[in-house]
Amino acid sequence: MTFYQELQLSSAGSKQLIRNTADKKEKLRHILIYNFKVYLVMAFCVAVVSAYSKLTGSDNSVVGVTVLLAVLVLRQADFGIRTAHGIFSIAGIFAVLMVGPRLAHMVSPLPAFVVNSGCILLLMILGCHNVIMHNHSTFVLGYLLLLGYPVTGQEYLLRVEGLAVGMILCMVIFYKNQKNRPYRRTFLDLFREFDLRSARGRWYIRLTLIVCSAMLFMNLLGLPRAMWAGIACISVCLPFPQDCIARSKDRWMFNIVGCVLFIGLYVLLPKSMHPYIGMIGGIGVGYSAGYAWQTAFNTFGALSIAAGLFGLPMAVLLRVGANAFGACYTLICNRVLYTDTSLLN
């Protein structure tokens with residue numbers, strides 16, 4: 001395996017390669033490449049987000065995160081349709097990201113529920129036909145991040161410009177990497193094949209309603225960070241609900257683990273180091289092969305921002321409460337809404 005091929009491996013793939021290598025010299029080579037990859041990805045992420053913050057303003061750093069997630073996914077994932085038609089999916093997805101969150105913030109919670117439901121369902125149709133790619137965890141997550149950090153006026157115009165640049169970048173990378181895919185489906189087939197009698201169609205509806213209603217309840221109660229509950233719901237609402245039980249347990253348990261670790265770092269490190277705790281979490285995610293510890297380390301970035309806004313105790317309480325609520329709420333809704341049918345229908 002070449003150096004470049006090893007860089008393309010996931011964390012789980014790199015760890016398995018290291019475990020399966022008997023030769024000590026070769027094992028050391030794999031370990032060094034794995035560590036290099038973790039810090040290379042981290043440096044790339046920091047560079048992209050920093051560039052977006054500098055060009056579009058600090059309030060739009062979340063645009064850099066959204067574009068970065070899309071770029072990393074579209075290097076390898078597809079939409080289950082012809083590659084040229086996938087360009088239209090990317091255009092539609094970014095159009096929703098530009099308009100939907102802004103529109104939802106212009107209205108009260110109940111109309112916002114309608115807006116969010118329409119936008120998230122459209123994102124599911126445009127980006128998630130190929131269920132095994134788990135594209136919803138990227139595009140719907142991006143929508144919720146933009147929803148959770150609203151801007152107006154000139155900042156909003158800069159946000160749209162930043163997303164437009166990201167859209168073009170994603171189109172170029174997607175077409176370059178996916179141009180030889182043999183799919184026959186077209187862009188319009190994404191809509192023609194949306195069927196409430198299929199498990200795929202019901203999963204679209206189930207995820208949309210669960211995510212949007214969870215955020216609605218948070219908003220009606222006047223609680224901040226409603227997006228945290230929505231993100232927890234996305235994470236737990238898997239295509240096959242029987243997989244949701246273990247995922248739900250990992251979600252709330254390892255959020256607590258992440259909060260405990262964050263509190264330790266927050267207390268032990270000098271105040272000048274607090275802005276870097278999120279970066280430490282990013283490195284931890286890079287070394288994590290499984291969902292549970294990725295969840296724990298992802299907590300660092302969210303709490304780094306929230307602690308500055310609400311104070312550490314309130315930030316931790318909100319984080320734990322929103323994730324526990326989102327995970328449990330998703331399980332309950334899955335029991336009510338799920339009917340078993342093949343996702344290949």
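Residues numbered from 1 in each chain as written. Predicted model: local features only at pLDDT ≥ 70, side-chain atom pairs only at ≥ 80, totals over all residues. Heavy atoms only, no water.

Side note on the overall build of the protein
Then step 1. Regarding its fold elements, the protein presents 15 helices and zero strands.
Then step 2. A compact globule built from 345 residues would reach a C-alpha radius of gyration of about 20 Å, and the protein, at 20 Å, matches this within 12%.
Then step 3. Classification of the 345 residues of the protein by burial places 46% in the buried group.
Then step 4. In the protein, the proportion of contacts linking residues at least 24 apart, taken out of those at least 6 apart, comes to 76%.
Then step 5. With the model as given, the accessible surface of the protein reaches about 16,700 Å², and the carbon-plus-sulfur share is 68%.
Then step 6. One way to put it: in the protein the 29 positive side-chain charges average out to a point 3 Å from where the 13 negative ones average out. (Helix = DSSP H or I, 4+ residues; strand = E, 2+ residues; numbered from the N terminus. Rg over C-alpha atoms; globule rule 2.2 N^0.38 Å. Buried < 20%, exposed > 50% of the residue type's maximum accessible area, 1.4 Å probe, protein only. Contact = heavy atoms within 4.5 Å. Areas by Shrake-Rupley, 256 points an atom, 1.4 Å probe, with all protein chains shown as cover. Lys, Arg positive; Asp, Glu negative; His and termini not counted. Charge placed at Lys NZ, Arg CZ, Asp CG, Glu CD.)

Let's talk about the packing of aromatic side chains
Then step 1. Inspection of the entire model under this criterion finds 16 aromatic pairs.
Then step 2. Judged by centre distance (5.3 Å) and plane angle (50°), the rings of Phe-79 and Phe-174 are tilted. Separated by 95 residues along the polypeptide, Phe-79 in the loop between helix 4 (61–74) and helix 5 (83–104) and Phe-174 in helix 8 (residues 153–178) bring together distant segments of the chain.
Then step 3. Of the residues examined, Phe-79 reaches a relative accessible area of 1% and is grouped as buried.
Then step 4. Members of the aromatic cluster, each reached through a chain of ring pairs, are Phe-254, Phe-262, Tyr-266, Trp-293, Phe-297 and Phe-300.
Then step 5. Taking NZ or CZ as reference, Arg-247 lies 3.8 Å from the ring centre of Tyr-291, over its face. (Phe/Tyr/Trp six-rings, centres within 6.5 Å; stacked < 30°, edge-to-face > 60°. Lys NZ or Arg CZ within 6 Å of the ring centre and 35° of its normal.)

Quick word on the packing of helix 11 (residues 226–236) against helix 12 (residues 244–268)
Then step 1. Interaxial distance between helix 11 and helix 12 falls to 9 Å at its minimum, and their mutual angle equals 145°. Residue-level contacts link Ile-231, Ala-232, Ser-235 and Val-236 of helix 11 to Cys-244, Arg-247, Ser-248 and Arg-251 of helix 12.
Then step 2. Among the residues forming the contact of helix 11 with helix 12, the class breakdown is four nonpolar, two polar and two charged. (Axes fitted to C-alpha atoms, helices over the stretch in contact; angles between N-to-C directions. Nonpolar A, V, L, I, M, F, W, Y, C, P; charged D, E, K, R; others polar.)

A word on the side chain of Ser-248
Then step 1. Along the chain, Ser-248 falls in helix 12.
Then step 2. Engagement of the side chain of Ser-248 in a polar contact is seen with the backbone oxygen of Ala-327, the distance being 3.4 Å.
Then step 3. For Ser-248, the contacting residues outside a window of four places in its chain are Val-236, Ala-327, Cys-328 and Leu-331. (Polar contact = N/O pair within 3.5 Å; in protein donor to acceptor, adjacent residues only side chain to side chain.)

Some points on empty space enclosed by the protein
Then step 1. In total, this model carries two cavities of 30 Å³ or more according to the counting rule given.
Then step 2. Roughly 40 Å³ of volume is contained in the largest cavity.
Then step 3. Lining the largest cavity, in full, are Glu-6, Leu-9, Ser-14, Leu-17, Ile-18, His-30, Ile-33 and Tyr-34.
Then step 4. Contributing elements (two or more residues each) for the lining of the largest cavity: helix 2 (11–20) and helix 3 (24–56).
Then step 5. In this structure, the second largest cavity is lined by His-129, Leu-190, Glu-193, Phe-194, Asp-195, Ser-198, Arg-200, Gly-201 and Tyr-204.
Then step 6. Per element, the largest residue contribution to the lining of the second largest cavity is three residues, and it comes from helix 10 (residues 199–220).
Then step 7. The residue inventory of the lining of the second largest cavity, partitioned by class, reads three nonpolar, three polar and three charged. (1 Å grid on protein atoms, 1.4 Å probe; cavity = no way out; pocket = protein on both sides within 12 Å on 5 of 7 lines; lining within 4 Å. Points joined across faces, edges and corners; volume = space filled by probe spheres on them.)

Comments concerning the environment of Arg-102
Then step 1. Along the chain, Arg-102 falls in helix 5.
Then step 2. Residue class for Arg-102 comes out partly exposed when judged on its relative accessible area of 24%.
Then step 3. Sequence separation of Arg-102 and His-134 is 32 residues, and the distance between their C-alpha atoms is 25 Å.

Here's the deal with the packing of helix 6 (residues 109–127) against helix 7 (residues 136–148)
Then step 1. Contact pair helix 6 / helix 7: the axes reach a minimum separation of 9 Å and the direction vectors enclose 150°. Comparing the axis directions of helix 6 and helix 7 gives the class roughly antiparallel. By crossing handedness, the relation of helix 6 to helix 7 is classed as right-handed. Residues Val-115, Asn-116, Cys-119, Ile-120, Leu-123, Met-124 and Gly-127 of helix 6 lie in contact with helix 7, whose contacting residues are His-136, Phe-139, Val-140, Tyr-143, Leu-144 and Leu-147.
Then step 2. Partitioned by chemical class, the residues of the contact of helix 6 with helix 7 number 10 nonpolar, three polar and no charged. (Parallel < 35°, antiparallel > 145°, perpendicular 65-115°, else oblique. Left-handed = near helix turned anticlockwise from the far one by under 90°.)

Everything listed is a geometric property; what it means functionally is a separate question.
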